[in-house]
Structure formats: C-alpha cells, structure tokens
Amino acid sequence: SAVISQKPSRDICQRGTSLTIQCQVDSQVTMMFWYRQQPGQSLTLIATANQGSEATYESGFVIDKFPISRPNLTFSTLTVSNMSPEDSSIYLCSANPGPNYGYTFGSGTRLTVV
Amino acid sequence: LAKTTQPISMDSYEGQEVNITCSHNNIATNDYITWYQQFPSQGPRFIIQGYKTKVTNEVASLFIPADRKSSTLSLPRVSLSDTAVYYCLVGAPSGGYNKLIFGAGTRLAVHP
C-alpha cells in the first residue's frame, strides 16, 4: 500500500497566524483528501484536491480559510489561515493510489492554537 | 453514499471474539463495504473490504448477508492492541477518486 508522509506532526500556534501542513505520497495519485478530526470525534472531510484544478470544498469549509495546493501528483499542502482556538484539531490527508481498495492516511498534524 | 449505523462503543476482554455489526439499508448495487481501524494519534488504517458473503484476511473476517443491508466485522481473539475505533464505510470502488465519508464509528475497548 502507499505511504503518506505528513508534517508537521504537531504544532502550537498563535491566534491570527497561519500554518501549512504538507503531505507527500510515495506514488502518484489523482486525488488527495484533507480531513479534520476533533478530539474524540470522527473525521470530517474538508476538501478534495485534484492535481491541475482548484480544490473542491465541503459545506462549511472555504478556500480563504483552508487554501490547498496540489502542485503535482505526489504532493499537497493545506494551510489553516488566520487561526483561532476553534481551529485546534487534528488534520489528516489521505489518498488511494489503487488498484486495491484501501485509502491510506497520513499520521496527522495535531494543531493547538493559543 | 449509503448511510451506515454502528454501535457507538463495545467492550471486550482479551482472547474473546468481537463482532461489530454495521447497518446500511440503502446500499447500492455497486457499493462495497469497507472497514477502517483507527488507533489514538494515528490516521485510519484499511482493514478489510467485501461485496457479499464472507471475506477473510490476516486481520479480520467480514460477513455480509445475501440482502447486503448489514455487515459484521469479526475480530478473532482480540488483544489489548485491538483497542481502537472501527469505522464502517459503504461506497463504490473508485480507484481513489471517491471521497470517504466517515460515520461516528465504534469505539472498542479491550480489557485484560
């Protein structure tokens, strides 16, 4: 299966600043997905990133707050902009290089905004 | 995407078999059932996928009745390390194109 390297693994940030999270896949994938997971909760999809086009955001998430880059088929970044304490969460990326069925996830970025 | 319903939590003891059932009454003809496992501080990990009857791998078995409106993940002889959240997802295989929508999952606690 694919391996996704995600960094940073954790960070503590001041409110009003931005943090960029990176995910590197060890094989080419068409789609990459970004999730948010509050402590003790399930995963919530933020957006789908397709190389060569603008990301598609789920309801409740906007590009100005969570800009995404997808410069090539193995890499993506998610930026959490103008952070507030409510943005404190775990952020994960995911992809499925196929041809099997399982999606692979990064190990997550634990973000704390103070 | 078919909605899934599974128990919020389950408790078991080491060495027991654990069966987690997921209901998916609105499953479509081309949908598969997939289970993921998530340990604390890690991303979800694919466990098993099936379409009908029974699928077994080195980690678990998946039982799917003929009507496919439910499925059961079976973990044989659990150990403390099986303590995790287990998610049931239903959708068509897409080769990585389709987004995954996670439900609440089942929080399994294995006790000594």
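Placed above this text is the structure.
Residues numbered from 1 in each chain as written. Chains lettered and ligands numbered in written order. Predicted model: local features only at pLDDT ≥ 70, side-chain atom pairs only at ≥ 80, totals over all residues. Heavy atoms only, no water.

(A) Molecular detail of the interface of chain B and chain A. Between chain B and chain A, the residue contacts involve 21 residues of the former and 21 residues of the latter. Roughly 1,700 Å² is buried in total at the junction of chain B and chain A, and carbon and sulfur atoms are behind 54% of that figure. At the junction of chain B and chain A, the tally comes to one salt bridge. Residues Glu58 of chain A and Lys99 of chain B are paired through a salt bridge, measuring 3.0 Å at the closest nitrogen-oxygen approach. Taken together, chain B and chain A are joined by six residue pairs in polar contact (both at pLDDT 80 or more). Secondary structure elements with two or more residues in the side of chain B that touches chain A: β3 (32–38) and β4 (45–50) of chain B. Here the residues of the side of chain B that touches chain A are counted per class, giving nine nonpolar, ten polar and two charged. (Contact = heavy atoms within 4.5 Å. Buried area = accessible area lost by both parts, 1.4 Å probe. Salt bridge = Lys/Arg side-chain N within 4 Å of Asp/Glu carboxyl O. Polar contact = N/O pair within 3.5 Å; in protein donor to acceptor, adjacent residues only side chain to side chain. Helix = DSSP H or I, 4+ residues; strand = E, 2+ residues; numbered from the N terminus. Nonpolar A, V, L, I, M, F, W, Y, C, P; charged D, E, K, R; others polar.)

(B) Just the packing of aromatic side chains, in detail. Considering all chains together, one arrives at eleven aromatic pairs over all chains under this definition. With a centroid separation of 5.8 Å and 55° between ring planes, the pair formed by Phe33 of chain A and Tyr103 of chain A is classed as tilted. Remark: Tyr103 of chain A occurs in the loop between β9 (89–95) and β10 (104–105) and Phe33 of chain A occurs in strand β4 (residues 31–37); sequence separation between them is 70 residues. When sorted by exposure, Phe33 of chain A lands in the same class as Tyr103 of chain A, which is buried. When the centroid spacing of 5.7 Å and the interplanar angle of 50° are considered together, the rings of Tyr35 of chain A and Phe105 of chain A count as tilted. Remark: Phe105 of chain A occurs in strand β10 and Tyr35 of chain A occurs in strand β4; sequence separation between them is 70 residues. Linked through ring pairs, Tyr35 and Phe105 of chain A together with Tyr36, Phe46, Tyr87 and Phe102 of chain B together constitute an aromatic cluster. Here the guanidinium or amino end of Arg68 of chain B rests over the ring plane of Tyr51 of chain B, the centre of that ring lying 3.9 Å away. (Phe/Tyr/Trp six-rings, centres within 6.5 Å; stacked < 30°, edge-to-face > 60°. Buried < 20%, exposed > 50% of the residue type's maximum accessible area, 1.4 Å probe, protein only. Lys NZ or Arg CZ within 6 Å of the ring centre and 35° of its normal.)

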